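Coordinate inspection notes
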Amino acid sequence: MPNERTVDVQPQVLTDDVVRRALRNCSKGEASRLNVPAWVRGTDTATAPVVGWRDPRAPERGCLLVLAGGGARGLLLRAPSSGGARTAAMCDLCRTTRSAGDVALFAAPRAGAAGRRGDTVGVYACADLACARCVEVEKGTSALRPDPGRTVAERRADLARRAGAFVDSVLGG
C-alpha cells in the first residue's frame, strides 16, 4: 500500500535526499526542484513529528513531511497565489487559531493516476506551514492561539495524527 511506505532516515536527521525520496505525490523531477531550507537539514526526526515549509524560491509550492516510526512520508503542496483567510482562522493540522492571512488553503495532488488527472485534496493550514512551531507555544497570544486545554505533548501528538491522516487521504489510504 503506498500510504504505508516510509523512507529509512538513518541516521535520525533529515537531508535533502531523504526529503525528496519521502515525497509521494509528485514526480522525481518535481521533487528535485524543491528547495529545502537550511533549517530543515539536520532536523532530528525523533523530536519533530511534522516539518513543513514554503519553498523560498517558489512561494506557491510547499512541503509537508510526517516523521514517524523512523521514517518520513511527505507531500508537495500547492499554496494559494493570494493571501490567506481574511479573518482569524484555525489550522486544520495544528488546531491553532491564527491572525487574518496566516491560514491558507493548500491543495495536495493525489498520488498516482488520480493526481495526474488533477484530483486534489485540500487542507486549511498555517500559511507558513509552521504547524510544528505553533504546537510548541506554551501560552497563546492575540496572533497565535494554540488548542486550549491541551499540553504541548498532547498538541504535538495530535498534530502528528492529523497530519498523518491528511497524508493518508492524499495517498488514498
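Before reading further, recall that the structure is shown in the block above.
The text that follows walks through the structure, step by step, so that each part is easy to find. Computed from a predicted model, the values in this text were never measured in an experiment. (Residues numbered from 1 in each chain as written. Predicted model: local features only at pLDDT ≥ 70, side-chain atom pairs only at ≥ 80, totals over all residues. Heavy atoms only, no water.)

**Things to note about the overall build of the chain**
A count of helical and extended segments in the chain gives five helices and nine strands. The order of helices and strands in the chain, counted from the N terminus, is β-α-α-β-β-β-β-β-β-α-β-α-β-α. Evaluated residue by residue, the chain yields a buried proportion of 46% over its 173 residues. Partitioning the intrachain contacts of the chain with sequence separation of at least 6 by distance along the chain shows that 55% fall at a separation of at least 24. Surface accessibility of the chain: about 8500 Å² in total, with carbon and sulfur atoms responsible for 52%. (Helix = DSSP H or I, 4+ residues; strand = E, 2+ residues; numbered from the N terminus. Buried < 20%, exposed > 50% of the residue type's maximum accessible area, 1.4 Å probe, protein only. Contact = heavy atoms within 4.5 Å. Areas by Shrake-Rupley, 256 points an atom, 1.4 Å probe, with all protein chains shown as cover.)

**Overview of the pattern of salt bridges**
A complete count under the given rule lists 10 salt bridges for this structure. Between Arg 117 and Asp 119 there is a salt bridge; the shortest N-O distance is 3.6 Å. The class for Arg 117 is exposed, based on a relative accessible area of 61%. Note on Asp 119: relative accessible area 31%, which makes it partly exposed. (Salt bridge = Lys/Arg side-chain N within 4 Å of Asp/Glu carboxyl O.)

**Things to note about the sheet that holds strand β6 (residues 97–98)**
Overall, antiparallel pairing links the three strands, which are arranged β5-β6-β9 in an open sheet. Two strands lie at the open edges of the sheet, namely β5 (89–90) and β9 (144–145), each paired on one side alone. Judged from the two bridges that link them, β6 and β9 form a sheet pairing that is antiparallel. Among the inter-strand pairings, Thr 97 is bridged to a residue of β9, identified as Arg 145. (Pairing = 2+ DSSP bridges.)

**Notes on helix α5 (residues 152–171)**
Counted at 1.5 Å a residue, the expected span for α5 with its 20 residues is 28 Å, and the 28 Å between its end C-alpha atoms agrees. Those residues of α5 that fall on the buried side of the exposure criterion are Val 152, Arg 155, Asp 158, Leu 159, Arg 162, Ala 163, Gly 164, Phe 166, Val 167, Val 170 and Leu 171. Lining the buried residues of α5 we find β2 (50–55), β3 (58–68), β4 (71–78), β7 (103–109), β8 (120–126) and α4 (131–134). Gly 172 lies just past α5 and shows a positive phi near 90°. (Expected span 1.5 Å × (residues − 1).)

**Notes on the side chain of Arg 73**
Topologically, Arg 73 is positioned in strand β4. Of note is the side chain of Arg 73, whose polar atom sits 2.7 Å from the side chain of Asp 168. (Polar contact = N/O pair within 3.5 Å; in protein donor to acceptor, adjacent residues only side chain to side chain.)

**Points about the packing of aromatic side chains**
Under the criterion given, the structure shown has zero aromatic pairs. The lysine or arginine in question, Arg 133, covers the ring of Trp 39, its NZ or CZ lying 5.8 Å from the ring centre. (Phe/Tyr/Trp six-rings, centres within 6.5 Å; stacked < 30°, edge-to-face > 60°. Lys NZ or Arg CZ within 6 Å of the ring centre and 35° of its normal.)

**What to know about the nonpolar core**
Residues Leu 75, Leu 77, Leu 93, Cys 94, Phe 106 and Phe 166 are the most contacted members of the largest nonpolar core, which totals 29 residues. Looking at which element gives the most residues to this core, the answer is α5, with six residues. For Phe 166, the contacting residues outside a window of four places in its chain are Leu 64, Leu 75, Leu 77, Leu 93, Ala 108, Val 121, Gly 122 and Val 123. (Core = buried A, V, L, I, M, F, W, Y, C linked by side-chain atoms within 4.5 Å.)

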